[in-house]
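Fold and geometry: a report
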Amino acid sequence: LKKRGRDRDDSRFLIVSTPAQGYVYPGTMACAQVWEFRPRCPHCGELVRLSSDNVDIPQDATAEDVKHGRCRVAIVPACCGVEWSDHDRMIAYHQGDWVCIKGEDLENPETVGMHLSAYPLPNIPLKEIAEKIVAARTGGETEKKALANGYDCVDYEEERIGQIDEEIG
């Protein structure tokens, strides 16, 4: 891609991927400017950063319970604490915006990174995300990597295991 894009001095490249093998997320965060997508709470209007902390899952739920809809899961943002319905989540996504989290003062940055986790995306069912959170809490390294790489959209790190357990716990 970079080899063919040299026809202009101001060529820009968009490279999209799910983090894996320790390269994409650190590469994104190493960019001169970094933007992160945040949904807008339909109840209070605040742009919020969502993570597994915001997924309300019954303490005794199993991954199978979540997968088969035998327990209720919800997004509860820290801004106002009002539980989002699926409709609220869709509205929050469509009214969301990109927030600069690094290099805000740069007028024409050399590199720009964009970060988008699965939490605000209405096309990814919340019960799917919740199932992966519970699986990461109760499973092994494979399940923890699946949550970090596929849903949090960060590289899996060994020390993150304790963090996930605390977030869910």
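Procedures and definitions
- Residues numbered from 1 in each chain as written.
- Predicted model: local features only at pLDDT ≥ 70, side-chain atom pairs only at ≥ 80, totals over all residues.
- Heavy atoms only, no water.
- Salt bridge = Lys/Arg side-chain N within 4 Å of Asp/Glu carboxyl O.
- Helix = DSSP H or I, 4+ residues; strand = E, 2+ residues; numbered from the N terminus.
- Core = buried A, V, L, I, M, F, W, Y, C linked by side-chain atoms within 4.5 Å.
- Buried < 20%, exposed > 50% of the residue type's maximum accessible area, 1.4 Å probe, protein only.
- 1 Å grid on protein atoms, 1.4 Å probe; cavity = no way out; pocket = protein on both sides within 12 Å on 5 of 7 lines; lining within 4 Å.
- Points joined across faces, edges and corners; volume = space filled by probe spheres on them.
- Nonpolar A, V, L, I, M, F, W, Y, C, P; charged D, E, K, R; others polar.
- Pairing = 2+ DSSP bridges.
- Axes fitted to C-alpha atoms, helices over the stretch in contact; angles between N-to-C directions.
- Arc of directions from axis to C-beta.
- pLDDT = per-residue confidence, 0-100.

What to know about the pattern of salt bridges
As enumerated under the stated definition, the model contains five salt bridges in all. Measuring nitrogen to oxygen at the nearest pair gives 3.7 Å for the salt bridge that ties Lys145 to Glu141. Note that Lys145 and Glu141 are positioned in helix 5 (residues 141–152) at a spacing of four residues, about one turn of the helix. One connected set of salt bridges, linked through shared partners, spans Glu36, Arg38 and Arg49.

Points about the nonpolar core
By size, the foremost hydrophobic cluster in this structure holds 22 residues, and its most contacted members are Val55, Ile57, Val66, Trp84, Tyr119 and Ile133. Listed by contribution, the elements that provide at least two residues to this core are helix 4 (126–138) and helix 5. When residues of this core are assigned to their parent elements, the largest contribution, six residues, is made by helix 4.

So, empty space enclosed by the protein
Per the counting criterion, the structure on display carries one cavity of 30 Å³ or more. Looking at the largest cavity, its volume works out to about 90 Å³. Along its surface, the largest cavity is lined by Glu36, Phe37, Arg38, Pro39, Val48, Arg49, Leu50, His115, Leu116, Ser117 and Pro120. By residue class, the composition of the lining of the largest cavity is six nonpolar, two polar and three charged.

A word on the sheet that holds strand 1 (residues 33–38)
Within a beta sheet, neighbouring strands are joined by backbone hydrogen bonds and run either parallel or antiparallel to one another. Taken together, three strands build an open sheet; the order of strands is 4-1-5 and the sheet is mixed. On the outer flanks of this sheet lie strand 4 (97–102) and strand 5 (112–115), each paired with one strand and no other. Neighbour to neighbour, the strand axes of the sheet diverge by 30 degrees on average, direction disregarded. Direction of pairing for strand 1 relative to strand 5: parallel, over a ladder of four bridges. By the bridge assignment for strand 5, Glu36 is matched with His115.

A closer look at helix 3 (residues 86–94)
Those residues of helix 3 that sit buried are Asp88, Arg89 and Ala92. The arc that holds every buried residue of helix 3, seen down its axis, measures 100 degrees, which confines them to one face. Among the exposed residues of helix 3, those pointing more than 90 degrees away from its buried face are Asp86 and His94.

So, the pairing of strand 1
Burial analysis of strand 1 places five of its six residues in the buried class, which makes it a mostly covered element. In the sheet, strand 1 pairs with strand 4 via five bridges, with the strands oriented antiparallel. Along strand 4, the bridge assignment pairs Trp35 with Cys100.

Some remarks on unusual backbone geometry
Its identity as a non-glycine residue notwithstanding, Cys153 has a phi of 60 degrees, on the positive side. Looking at the secondary structure, you find Cys153 in the loop between helix 5 and helix 6 (160–168). You can call Cys153 buried: its relative accessible area is 13%.

A look at the confidence of the model for the protein chain
In the predicted model, the protein chain carries a mean pLDDT of 86, and 80% of its residues have values of at least 70. Here helix 6 stands out as the element of the protein chain with the lowest mean pLDDT, 52, in contrast to strand 4, whose mean of 97 is the highest.

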